[in-house]
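Chain by chain, the residues:
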Amino acid sequence: MKRIVVAVGALLLGAGAVVAQQDVAVQQQNLMKTQGKSMYGVMLKMVKGEIPYDQAAVTAAITDLEAQVTKIPTVFTPNPKEDVVNATYGAKQAIWQNKADFDSKVPPVSKTIAEVKGSVKDAASLKVAFDAIQAKCTDCHETFRVKLK
């Protein structure tokens, strides 16, 4: 009887650890998706002419992006050691193997966002700003993001 209780307890503890790892991975993915909405759901769509230029929406997207980017080092501190179920992209384990390099990628993104923040006045200047931010984001994505599907 004691063996059964111990076995069930061990299974529940293991299941709890898996759920906790998924929660961390989901938090990390949600942060990146929030940034993606600002970058691609607003800014890129305007750059491509898919939606009309809207200064208020651009300002909100850049402001949101600026706030979200600073959270990256903290949200990516715990290593979930697994990806979100059915996710398209995931985090490479290289993040936690070289956390200092990963964290060093954030300040250049933040700096670029701050530099372009007040300069966007129309679709042309939005394209310049988008390209500048995207270049800094890609620097990290090339090294620390993996395509799962």
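No experiment lies behind these values; they were computed from the predicted model shown. (Residues numbered from 1 in each chain as written. Predicted model: local features only at pLDDT ≥ 70, side-chain atom pairs only at ≥ 80, totals over all residues. Heavy atoms only, no water.)

**Student:** Any chance you could break down the confidence of the model for the chain for me, citing the residues and the numbers?
**Tutor:** Taken residue by residue, the chain gives an average pLDDT of 88. The fraction at 70 or more is 86%. Residue range residues 5–18 is modelled with pLDDT below 50. Its contacts to residues more than four positions away, or to other chains, number 1 contact. (pLDDT = per-residue confidence, 0-100. Contact = heavy atoms within 4.5 Å.)

**Student:** If you had to explain unusual backbone geometry to someone new, which residues and values would you point to?
**Tutor:** Even without glycine at this site, lysine 81 takes up a positive phi of about 60 degrees. Residue placement: lysine 81 occurs in the loop between helix 3 (72–75) and strand 1 (89–91). Taking the relative accessible area as the measure of exposure, lysine 81 reaches 61% and is therefore exposed. Phi at asparagine 86 is positive, roughly 65 degrees, even though this residue is not glycine. Position of asparagine 86 among the secondary structure elements: in the loop between helix 3 and strand 1. (Helix = DSSP H or I, 4+ residues; strand = E, 2+ residues; numbered from the N terminus. Buried < 20%, exposed > 50% of the residue type's maximum accessible area, 1.4 Å probe, protein only.)

**Student:** So, the side chain of serine 125: which residues are in play, and what are the values?
**Tutor:** By the secondary structure assignment, serine 125 is in helix 7 (residues 123–144). Those residues in contact with serine 125 that sit more than four places away from it in its chain are Ser119 and Val120.

**Student:** Before we move on, can you summarise helix 2 (residues 55–69) with the specific residues and values?
**Tutor:** It helps to recall that an α-helix has 3.6 residues per turn; residues three or four apart then point in one direction. Here helix 2 contains 15 residues, and its C-alpha end-to-end distance of 21 Å stays within 8% of the 21 Å for a straight helix at 1.5 Å per residue. Those residues of helix 2 lying buried are Val58, Ala61, Ile62, Leu65, Gln68 and Val69. The arc that holds the buried residues of helix 2, viewed along the axis, is 135 degrees, so those residues lie on one side. If you check the start of helix 2, you find a side-chain oxygen 3.0 Å away from the backbone N of alanine 56, and it comes from aspartate 54. (Expected span 1.5 Å × (residues − 1). Arc of directions from axis to C-beta. Polar contact = N/O pair within 3.5 Å; in protein donor to acceptor, adjacent residues only side chain to side chain.)

**Student:** Mind laying out the nonpolar core, listing which residues take part and the relevant values?
**Tutor:** Core analysis: the biggest nonpolar cluster contains 27 residues, and Met43 and Ile133 have the highest contact counts within it. Those elements that provide at least two residues to this core are helix 1 (2–47), helix 2, helix 4 (94–97), helix 6 (106–116) and helix 7. Ranked by residues supplied to this core, first place goes to helix 7 with 7 residues. When sequence neighbours within four positions are dropped, the list of residues in contact with methionine 43 reads Ser38, Ala61, Ile62, Leu126, Phe130 and Ile133. (Core = buried A, V, L, I, M, F, W, Y, C linked by side-chain atoms within 4.5 Å.)

**Student:** If you had to explain the state of the cysteines to someone new, which residues and values would you point to?
**Tutor:** All chains considered together, the criterion is met by 0 disulfides. As a non-bridged cysteine, cysteine 137 has cysteine 140 as the owner of its nearest cysteine sulfur, 8.4 Å distant. (Disulfide = S-S within 2.5 Å.)

**Student:** Before we move on, could you go through the pattern of salt bridges and cite the residues and values that matter?
**Tutor:** Summed over all chains, the structure comprises 6 salt bridges. Between lysine 117 and glutamate 66 there is a salt bridge whose closest N-O contact spans 2.7 Å. One end of the pair, lysine 117, is in the loop between helix 6 and helix 7; the other, glutamate 66, is in helix 2, with 51 residues separating them in the sequence. Given a relative accessible area of 36%, lysine 117 falls into the partly exposed group. The structure contains a network of salt bridges with shared partners spanning Asp101, Lys105 and Asp139. (Salt bridge = Lys/Arg side-chain N within 4 Å of Asp/Glu carboxyl O.)

**Student:** Any chance you could break down helix 6 for me, citing the residues and the numbers?
**Tutor:** Three or more residues of helix 6 are buried, namely Val106, Val109, Thr112, Ile113 and Val116. Projected down its long axis, helix 6 carries its buried residues within an arc of 130 degrees, all on one side. For helix 6, the exposed residues set more than 90 degrees away from the buried face come down to Lys111 and Glu115. On its buried face, helix 6 sits against helix 2, helix 3, helix 5 (99–104) and helix 7.

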